[in-house]
Number of protein chains: 2
Amino acid sequence: MVKVPRIDIHTHILPETWPDLKERYGYGGFVSLHHGDGCNATMAIDGKPFREISDNCWSPERRIEDCEVSGVSLQVLSTVPVMFSYWAKPADALDLSKILNDHISEVVNQYPDRFLGLGTLPMQAPDLAARELERCKSLGLAGVEIGTHVNDWNLNAPEVFTVFQAAADMDQAVFVHPWDMMGQERMPQYWLPWLVGMPAEASLAIGSMIFGGVFERLPDLRVCFAHGGGAFPMTVGRFARGFEARPDLCAVDNDVDPRSYLGKFSVDSLVHDAGALKYLLNVMGENRVVFGSDYPFPLGEESPGHLLDSMPDLSDAVRRKISHDNAVEFLGLDPLSHAG
Amino acid sequence: MVKVPRIDIHTHILPETWPDLKERYGYGGFVSLHHGDGCNATMAIDGKPFREISDNCWSPERRIEDCEVSGVSLQVLSTVPVMFSYWAKPADALDLSKILNDHISEVVNQYPDRFLGLGTLPMQAPDLAARELERCKSLGLAGVEIGTHVNDWNLNAPEVFTVFQAAADMDQAVFVHPWDMMGQERMPQYWLPWLVGMPAEASLAIGSMIFGGVFERLPDLRVCFAHGGGAFPMTVGRFARGFEARPDLCAVDNDVDPRSYLGKFSVDSLVHDAGALKYLLNVMGENRVVFGSDYPFPLGEESPGHLLDSMPDLSDAVRRKISHDNAVEFLGLDPLSHAG
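Residues numbered from 1 in each chain as written. Chains lettered and ligands numbered in written order. Predicted model: local features only at pLDDT ≥ 70, side-chain atom pairs only at ≥ 80, totals over all residues. Heavy atoms only, no water.

Visitor: Would you explain the sheet that holds strand β2 (residues 31-35) of chain A in this entry?
Guide: Sheets are built from strands paired through backbone hydrogen bonds, the pairs being either parallel or antiparallel. Residue and element names in this part refer to chain A. The antiparallel open sheet is built from three strands, whose spatial order is β2-β3-β4. The open sheet has two edge strands, β2 and β4 (48-54), and neither has a second partner. Averaged over neighbouring strand pairs, the angle between their axes works out to 30° when direction is ignored. Relative to strand β3 (residues 40-45), β2 is paired through five bridges, and the arrangement is antiparallel. Counted as the bridge partner of His35 is Ala41 from β3. (Pairing = 2+ DSSP bridges. Helix = DSSP H or I, 4+ residues; strand = E, 2+ residues; numbered from the N terminus. Axes fitted to C-alpha atoms, helices over the stretch in contact; angles between N-to-C directions.)

Now the structure itself:
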């Protein structure tokens, strides 16, 4: 088994502190962070705690220690989706995006051999988003992370297309991550918004971009969906059958078979199952599955890369693609500078 | 390739006519059927058309003709989920269930070599549902079809357990089918409630029954989920990881690993993709994938059984299981009487 440098394209980071956003913007709904002892903190919205995190969520040094253990060469940093704040006033979401993007850029600049960054954008205001995307590029970020939808817009909306177009023009990568999960009001128990809602969100995002003709119109756009594309890979036959049986519903904006786009976009490898990962490679193609762990969150891979390491029947070539080459291609990196 | 009698466990049927339900119950929201020429009809709710159907949806003879062509030996009939009417007053849903169940029973009695039946129940009233289940059994039906949720109850609700318990006690099969899709308000385009929402519904149902301990408490209950279990098979690793990482959220009602229930429930084969079907067989086990076509609806298999026929590398043993043996087991049939 050949040892290849491992790039983890799906990791989340927060600043250790940020301003009081309710005070800054004059209304509530934003996330605040409350530190306990040195290692732990509580995320809250309007004073209501909703998630405990540890210093691996904000400390670059702590993250690097973990990477040394797991063998991850390079983490791609993105914000935590609850920070997207697409519901906020555009100028405020832009301001918050700048705070988060400046932070990620600082961490990347501090440890350029260990981190790359993806920014966040005020997607509810496409023009502001496109401008912030340009600023992200100038900061040295590799692209952006966006949600699986933007409030009432799915990813086929013309407003969102403005941002995709800008990303394609600027050669910036787009990582699509679930947030604001459909059906969560119907799933009060068992963490089901994360287990059922998130995979449905990824499928919604992929379906919207296929049928909305986004991939068709922007063949050079580099997009990757979190969590192995969620439900989509298992339902690709259902999508194709829907397209075939009811073009009056499915083919109204794009008359190309959904299967044509397999191989044109990427998914991360986070499916927590060797059989599912093999199926994923078959569906998406071995150039379009990119290692991602969801570090440092509990639904991520506890030891990033362990699943790949536990699959000895993967060829060295495929292992190298998932662990490294596909990330280099998705992120648009200079292969020489990240050869490990 | 050996020829085995093919049992299609997932087909829908409606009576050719039924009473005016708004008039009968004194309020609206129910489905009515408006015949055009002899072969076509329009389904409507409160005068608003929502689906065109053909005589293969109500004519047993027309269905038998299609079966002769596709090679289906036996269709298992169930109602169309939009008829569930779980939102209606319990007595009215019971009355409607009786109309539908009597009709299915009549068709089965008319052509006992070609059809088996699954009833529908007023699930919003578990005691009435359990009594109607008993009546279904006495009518000779093999079990019932229920929704992936019942209004605000997921399938782990104690109310729903009453019905599952009754089904286990009466040795009746339960076929679980999506309806009232989560997120549909967010998916106005591209048939996405069918392509994204339905697979999420199946995953919601399976997750609720696993984490709610339904499979644990009723090991003899025979359950099958439509559409290959939707998103669940692709996300089984995610479910297991959730259970492992956050038992405080996932293991509150049942502390058994979700993977333990693989092999304990069935899914139909309707995934429209050879690779997905093979993956499904690997995940669920070759005894727990049951041929189903969704006949006569457009998102079903156009030529029921074609996918299986197009997979020459399936062994005869597995083909026989999917096409016949697994249905015999799921439905609790006397193997001798349906040997084909």
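Visitor: Got a minute to help me understand the interface of chain A and chain B in this structure?
Guide: In many reports, interface size means the accessible area that the parts give up when they come together. Of the residues lining the interface, 56 residues belong to chain A; the matching set on chain B comes to 56 residues. Contact between chain A and chain B buries roughly 4800 Å² in total, counting both sides, with carbon and sulfur atoms accounting for 62%. Counting the surface chain A buries against chain B, the share from its top three residues, Arg186, Tyr190 and Arg238 of chain A, is 20%. Counting across the chain A and chain B interface gives six salt bridges. Here Arg186 of chain A makes a salt bridge to Glu201 of chain B, at a shortest N to O gap of 2.5 Å. (Contact = heavy atoms within 4.5 Å. Buried area = accessible area lost by both parts, 1.4 Å probe. Salt bridge = Lys/Arg side-chain N within 4 Å of Asp/Glu carboxyl O.)

Visitor: Explain the packing of helix α8 (residues 232-245) of chain B against helix α10 (residues 274-284) of chain B here, please?
Guide: The description of two helices packed together rests on the angle between their axes and the distance between the axes. Residue and element names in this part refer to chain B. Running from amino to carboxyl end, α8 crosses α10 at an angle of 45°, the nearest separation of the two axes being 10 Å. If you check the angle between α8 and α10, you find them oblique. Seen from α8, the contacting residues are Pro233, Met234 and Val236; seen from α10, they are Tyr279, Leu280 and Val283. Partitioned by chemical class, the residues of the contact of α8 with α10 number six nonpolar, no polar and no charged. (Parallel < 35°, antiparallel > 145°, perpendicular 65-115°, else oblique. Nonpolar A, V, L, I, M, F, W, Y, C, P; charged D, E, K, R; others polar.)

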